[in-house]
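Architecture and fold: a report
What follows is each chain in one-letter form.
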Amino acid sequence: MIGNIKNYLEGMAGNLPLEVISAETYNQIYKMADVFTDFAASEYIMETHLNSEDAEVDFSLRVLAEEEKACLNSGLKNHRCLALVADCTWSRVVDFVNFWPSPIEDIWVEMDNGEYEKQIPQPCFFFNASKLKKGANVDEQLLFNALKKLLDIEQLESLWPNIKKAIHQLPDEVGLFQVGVMLARSSDRVRIFTAELTREQTVEYLSDIGWSGPFSELERLFDLVHTYSDSQYILDFDVSQQGISEKIGINFGLEKKQDLSAFLDILVEQHLCTAAKSNGVLAWSGSNGSFLGPDYGYSALLKDISHFKIGYSPKEGLKAKAYLRIAGVYMKKLFKDQDSTQLATVNPAAKLEQPGYKAMQYTFKEIALKAMLDKEYRELCLQDSQAAIRKVIQRDAAIPDNIIFLEEDGEALEGNVQAYVLPPFLKPSWLTSK
């Protein structure tokens, strides 16, 4: 795998709501990405402050241990990153990547909006902590060793008693989601994200770890979101030498996608979201096809809402954010390593030849283009995927029958189904109008 951050940004261009990310902000991110050209991810997030009119976002990427870690490791050794890795803060990231043990399944690197135009933008860094706590058992040694790469040892030792206390106070059935350090903002504290808590567990847990409140604001927060949320709340807070931060965040998804407009209306009514940002978030979801270069092929870039966050701090009160995700589905990944077990549902008596990857990559590009312009063919894709594929190939071939085409990103599909979201349909008049 080679770096893809530029490919993704180019694939996003022209499909980003201006209420959320202005052309200026996009250009800043694109220019900043020059130094990250060799980094790869399959999931990117634009974080937007809903109560602000500014069309600015914080930009983050998720790096998977199995699929993208090697690319990140290689990229950090590239000549483009010489100045980066020489920086004191980034050297901590390099140390973590070199240490990165198998129980940590992924990491997130986040760049705040204010970092984009700096010669060496400073990151915030988080790692997956889901395997660090099982029941009442906490792998303290692994957690300590991981944080030791991100903090000075003296600093970590001063925080360690409060970190342990916060984690061990969690209910046995509740684990951790992430742990990280906001390196771009401060290095004297650790941010902890719990796994999912109920509303009642969240209130009780904050009381147990000595959060100073006020709990009336917490109840107000829950009263606002609980009707629409999925009732699973990830709590985040900072741990310092003084204890638990007064500032907390409640992260959650919506129970039903169709509630999005009503939920945003409530936030607008409570002055937690502007009308412009509401329109931008409503316009976010969808997908578009994009050629991400020969190494990734023609891909579907899926846009959805990762989650919302309502934060509270004594200084600012309640603040709302939306985390807008872009994830790629690669044709190369879809069809690589196809073998007889994946073709088990194809009639063995037919003994048809299966197209190779390059042929299938070309085929899917042709399908996408044809489906964008030919309404009748688009309907065939949605009704009979094998017939649609063979129509482009123009011969009989062994096509896995678990491939389906979708009009848009929808609900999760059951079974071993490989879904491909078709690009939007273009009316002929759109191609000739000026």
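Everything quoted here is computed from the prediction, not taken from an experiment.

1. A word on the overall build of the protein
Summing up its helical and strand segments, the protein has 16 helices and 15 strands in all. Counting the 434 residues in the protein, one finds 50% classified as buried. If you take every contact in the protein between residues at least 6 apart in sequence, the share linking residues at least 24 apart comes to 67%.

2. Remarks on empty space enclosed by the protein
Counted by the stated rule, this structure contains one cavity of 30 Å³ or more. When its volume is computed, the largest cavity comes out at roughly 40 Å³. What lines the largest cavity is Phe36, Phe39, Leu61, Trp90, Val109 and Met111.

3. Points about the environment of Gln241
In this structure, Gln241 sits in the loop between β9 (234–240) and β10 (243–252). Taking the C-alpha atoms as reference, Gln241 lies 7.1 Å from Asn162; in sequence the two are 79 residues apart. Each residue touching Gln241, except ones within four places of it in the same chain, is listed here: Gln155, Ser158, Leu159 and Asn162. At 3.4 Å, the side chain of Gln241 and the side chain of Ser158 are in polar contact.

4. A closer look at the side chain of Thr48
Along the chain, Thr48 turns up in strand β1 (residues 43–49). A relative accessible area of 0% means that Thr48 is categorised as buried. Within polar-contact distance, the side chain of Thr48 engages the side chain of Lys277 at 3.1 Å. Non-local contacts of Thr48, meaning those with residues more than four positions away in its chain, are made with Val20, Glu56, Val57, Lys277, Ala320, Lys321, Ala322 and Leu324.

5. Here we look at the pattern of salt bridges
Using the criterion set out here, one finds 20 salt bridges in the structure. The partner of Glu110 in a salt bridge is Arg185, with the nearest N and O atoms 3.5 Å apart. Here Arg185 lies in the loop between β7 (176–181) and β8 (190–194) and Glu110 lies in strand β3 (residues 106–111), a separation of 75 residues in the sequence. Assessed through its relative accessible area of 9%, Glu110 is described here as buried.

6. Some details on the nonpolar core
Ranked by internal contacts, the top residues of the largest apolar core, which has 105 residues, are Phe127, Leu147, Ile163 and Phe237. Setting aside residues up to four positions removed in sequence, Leu147 forms contacts with Phe127, Leu156, Trp160, Ile163, Val179, Val181 and Val190. In terms of nonpolar packing, the next biggest core, distinct from the first, is built from 20 residues, Tyr298, Ile389, Phe405 and Val421 among them.

7. So, the packing of aromatic side chains
Counted under the stated rule, the structure contains 21 aromatic pairs. For the pair Phe126 and Phe193, a centre-to-centre distance of 5.8 Å together with 85 degrees between the ring planes defines the contact as edge-to-face. Highlighted residues: Phe126 in strand β4 (residues 123–128) and Phe193 in strand β8, separated in sequence by 67 residues. For Phe126, a relative accessible area of 5% gives the class buried. Ring geometry for Phe252 and Phe308: centres 6.3 Å apart, planes at 25 degrees, overall stacked. Separated by 56 residues along the polypeptide, Phe252 in strand β10 and Phe308 in strand β12 (residues 298–313) bring together distant segments of the chain. The buried category is assigned to Phe252, whose relative accessible area is 2%. We classify Phe308 as buried; its relative accessible area is 2%.

8. A short note on helix α7 (residues 153–168)
The terminal C-alpha atoms of α7, which comprises 16 residues, lie 22 Å apart, in line with the 22 Å expected from a rise of 1.5 Å per residue. Roughly 45 degrees is the biggest bend found in α7, and it falls at Trp160, with proline Pro161 one to four residues downstream. Those residues of α7 that sit buried are Leu156, Leu159, Trp160, Ile163, Ala166 and Ile167.

9. A closer look at helix α11 (residues 275–282)
Of all the positions in α11, only Lys277, Ser278, Gly280 and Val281 are classed as buried. Projected down its long axis, α11 shows its buried positions confined to an angular sector of 165 degrees, all on one face. Turning to α11, the residues buried within the fold contact β1, α10 (260–269), β12 and β13 (317–330).

10. Points about the packing of helix α3 (residues 69–76) against helix α5 (residues 88–99)
Axis separation between α3 and α5 bottoms out at 10 Å; the angle between their running directions is 140 degrees. One way to sum up the angle between α3 and α5 is to call them oblique. Once α3 is placed against α5, the crossing between them reads as left-handed. Along its contact with α3, which presents Lys69, Leu72, Asn73 and Leu76, the element α5 presents Val94, Val97 and Asn98. Considered class by class, the residues forming the contact of α3 with α5 number four nonpolar, two polar and one charged.

11. Details of a negative patch on the surface
A cluster of like negative charges, contributed by Glu24, Glu53, Asp54, Glu56 and Glu117, occupies part of the molecular surface. Relative to the elements of secondary structure, Glu53 occurs in the loop between β1 and β2 (58–64). The class for Glu53 is exposed, based on a relative accessible area of 57%.

12. Let's talk about unusual backbone geometry
Omega for the peptide link from Gly213 to Pro214 comes to 10 degrees, which places this bond in the cis form. Considering the arrangement of structural elements, one finds Pro214 in the loop between α8 (199–208) and α9 (215–225). Within the chain, Ser231 stands out as a residue other than glycine whose phi angle is a positive 65 degrees. Take Ser231: it is sitting in the loop between α9 and β9. A positive phi angle, close to 60 degrees, is found at His271, a residue other than glycine.

Scoring rules and cut-offs
- Residues numbered from 1 in each chain as written.
- Predicted model: local features only at pLDDT ≥ 70, side-chain atom pairs only at ≥ 80, totals over all residues.
- Heavy atoms only, no water.
- Helix = DSSP H or I, 4+ residues; strand = E, 2+ residues; numbered from the N terminus.
- Buried < 20%, exposed > 50% of the residue type's maximum accessible area, 1.4 Å probe, protein only.
- Contact = heavy atoms within 4.5 Å.
- 1 Å grid on protein atoms, 1.4 Å probe; cavity = no way out; pocket = protein on both sides within 12 Å on 5 of 7 lines; lining within 4 Å.
- Points joined across faces, edges and corners; volume = space filled by probe spheres on them.
- Polar contact = N/O pair within 3.5 Å; in protein donor to acceptor, adjacent residues only side chain to side chain.
- Salt bridge = Lys/Arg side-chain N within 4 Å of Asp/Glu carboxyl O.
- Core = buried A, V, L, I, M, F, W, Y, C linked by side-chain atoms within 4.5 Å.
- Phe/Tyr/Trp six-rings, centres within 6.5 Å; stacked < 30°, edge-to-face > 60°.
- Expected span 1.5 Å × (residues − 1).
- Bend = angle between axes of the 7 residues up to and from the residue.
- Arc of directions from axis to C-beta.
- Axes fitted to C-alpha atoms, helices over the stretch in contact; angles between N-to-C directions.
- Parallel < 35°, antiparallel > 145°, perpendicular 65-115°, else oblique.
- Left-handed = near helix turned anticlockwise from the far one by under 90°.
- Nonpolar A, V, L, I, M, F, W, Y, C, P; charged D, E, K, R; others polar.
- Patch = residues over 30% accessible without salt bridge, like charges linked within 9 Å, V, L, I, M, F, W, Y side chains within 5 Å.
- Areas by Shrake-Rupley, 256 points an atom, 1.4 Å probe, with all protein chains shown as cover.
- Lys, Arg positive; Asp, Glu negative; His and termini not counted.
- Charge placed at Lys NZ, Arg CZ, Asp CG, Glu CD.

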